[in-house]
Amino acid sequence: MFDNVDWGDIGQATIDTLLMLAGSLVLTIAIGIPLGVLLFLSGKRRLASNPVLNGVLSFVVNVLRSLPFIILLIVMLPVTVLLVGTSLGVAGAIPPLVVGTAPFYARLVENALREVDHGVVEATQAMGGSTWQIVTRALLPEALPGIIAAATVAAIALVGYTAMAGVVGAGGLGDLAIRFGYQRFQTDVMIVTVVLLLVMVQILQMIGDWLVARVSHR
């Protein structure tokens, strides 16, 4: 039934996909949380309200969010080569993955911060807390379950993006699915790659749900 499947290639492609996912997720979180906090703080009637800054950030975030990822992959090829020296393989996939996902994650972080009870912020202000203290000791801790849930959503989106990155030679399961499953009509290869991607998504969702439950009950 799986005569066309080279399990060595499947194993290497799985490792490549996990490397792309891990590297891009770490950078997405590192960029997305500060960007989401900045979007929140600079909004109307917020702690550091700045309509101009908020408008510029919102415009950039909205443009990057609305751009189809496959188009972003192609547009970013010269930038990717400039940043990492290649547009191929795991290294070549990470820059567009981050650029495609970080703005999306930043919006989710901003929404999570909006859900924080304003009374918590007012209490911290009443105790003389600075903006930095309000963010680090009130907003982020209170919004942590939502931020973790958002990271889970971003991670699952990244799994899909890593598959699309195979179109431009990024490697991973998506590359195998395209080169063998689609172009060579090897249905068994396509089935194996799809099942593995589905398993990754389920595991990520389970980990995310567990972390949210643990943080919510602390």
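It should be emphasised that the depicted structure is a prediction, and the values quoted were computed from it without experimental measurement.

### Considering the overall build of the protein
Helix and strand content of the protein: 9 helices and 0 strands. Sequence-ordered secondary structure for the protein, helices as α and strands as β, is α-α-α-α-α-α-α-α-α. Burial statistics for the protein: of 218 residues in total, 42% are counted as buried. When contacts within the protein are restricted to residue pairs at least 6 apart in sequence, those whose partners lie at least 24 apart make up 74%. The averaged location of the 12 negative side-chain charges in the protein is 14 Å from the averaged location of its 11 positive side-chain charges.

### Quick word on the environment of Gly 32
Within the secondary structure layout, Gly 32 lies in helix α1 (residues 7-41). A sequence separation of 27 residues divides Gly 32 from Val 5, and the C-alpha atoms of the two residues are 38 Å apart.

### Structural notes on helix α6 (residues 118-126)
Structurally, the start of α6 carries an N-cap: the backbone nitrogen of Gly 119 is 3.0 Å from a side-chain oxygen of Asp 117. One or two positions beyond α6, positive phi appears at Gly 128, with a value near 85°.

### Here we look at the packing of helix α4 (residues 77-84) against helix α5 (residues 89-114)
With their axes 9 Å apart at the nearest point, α4 and α5 run at an angle of 120° to one another. When the interaxial angle is binned, α4 and α5 end up oblique. The interaxial crossing formed by α4 with α5 has right-handed handedness. Contacts between α4 and α5 involve Thr 80, Leu 83 and Val 84 from the former and Ala 91, Gly 92, Pro 95 and Pro 96 from the latter. Split by residue class, the contact of α4 with α5 holds 5 nonpolar, 2 polar and no charged.

### Looking at a nonpolar patch on the surface
A contiguous nonpolar surface patch, about 830 Å² in accessible area, is contributed by Phe 2, Trp 7, Ile 191, Val 195, Val 199, Ile 203, Ile 207, Trp 210 and Leu 211. In terms of residue count, helix α9 (residues 187-216) provides more of the nonpolar patch than any other element does, 7 residues in total. Among the secondary structure elements, Ile 203 is positioned in helix α9. Ile 203 sits in the partly exposed class, given a relative accessible area of 44%.

### Looking at the side chain of Thr 193
Its location among the elements puts Thr 193 in helix α9. Excluding residues within four positions of it along the chain, Thr 193 makes contact with Ile 10, Leu 173, Leu 176 and Ala 177.

### As for unusual backbone geometry
Unlike most non-glycine residues, Arg 45 shows phi in positive territory, near 60°. Mapped onto the elements of the fold, Arg 45 is located in the loop between α1 and α2 (51-66). Taking the relative accessible area as the measure of exposure, Arg 45 reaches 72% and is therefore exposed.

### Here's the deal with the confidence of the model for the protein
Any segment with low pLDDT has predicted coordinates that should not be analysed in fine detail. Averaged over all residues, the pLDDT of the protein is 89; the fraction at 70 or higher stands at 99%. Put simply, α6 is where the protein has its lowest mean pLDDT, 81, and α1 is where it has its highest, 94.

### Focus on the side chain of Thr 80
Tracing the backbone through its elements, the reader meets Thr 80 in helix α4. Among residues more than four places away in sequence, those in contact with Thr 80 are Gly 85, Thr 86, Ser 87, Gly 92, Pro 95 and Pro 96.

### Considering the packing of α1 against helix α8 (residues 172-182)
Running from N to C, α1 and α8 cross one another at 135°; their axes reach a closest spacing of 6 Å. Relative to α8, the element α1 lies oblique. Where α1 abuts α8, its residues Asp 9, Ile 10, Ala 13, Thr 14, Asp 16, Thr 17 and Met 20 lie against Gly 172, Leu 173 and Leu 176. Across the contact of α1 with α8, the residue classes break down as 5 nonpolar, 3 polar and 2 charged.

### A few points about the nonpolar core
Membership of the largest hydrophobic core comes to 30 residues, with the highest contact counts inside it found for Met 20, Ala 93 and Leu 97. Grouped together as the second largest cluster of nonpolar side chains are 17 residues, Val 37, Ile 134, Leu 139 and Ala 154 included.

Parameters at a glance
- Residues numbered from 1 in each chain as written.
- Predicted model: local features only at pLDDT ≥ 70, side-chain atom pairs only at ≥ 80, totals over all residues.
- Heavy atoms only, no water.
- Helix = DSSP H or I, 4+ residues; strand = E, 2+ residues; numbered from the N terminus.
- Buried < 20%, exposed > 50% of the residue type's maximum accessible area, 1.4 Å probe, protein only.
- Contact = heavy atoms within 4.5 Å.
- Lys, Arg positive; Asp, Glu negative; His and termini not counted.
- Charge placed at Lys NZ, Arg CZ, Asp CG, Glu CD.
- Polar contact = N/O pair within 3.5 Å; in protein donor to acceptor, adjacent residues only side chain to side chain.
- Axes fitted to C-alpha atoms, helices over the stretch in contact; angles between N-to-C directions.
- Parallel < 35°, antiparallel > 145°, perpendicular 65-115°, else oblique.
- Left-handed = near helix turned anticlockwise from the far one by under 90°.
- Nonpolar A, V, L, I, M, F, W, Y, C, P; charged D, E, K, R; others polar.
- Patch = residues over 30% accessible without salt bridge, like charges linked within 9 Å, V, L, I, M, F, W, Y side chains within 5 Å.
- Areas by Shrake-Rupley, 256 points an atom, 1.4 Å probe, with all protein chains shown as cover.
- Salt bridge = Lys/Arg side-chain N within 4 Å of Asp/Glu carboxyl O.
- pLDDT = per-residue confidence, 0-100.
- Core = buried A, V, L, I, M, F, W, Y, C linked by side-chain atoms within 4.5 Å.

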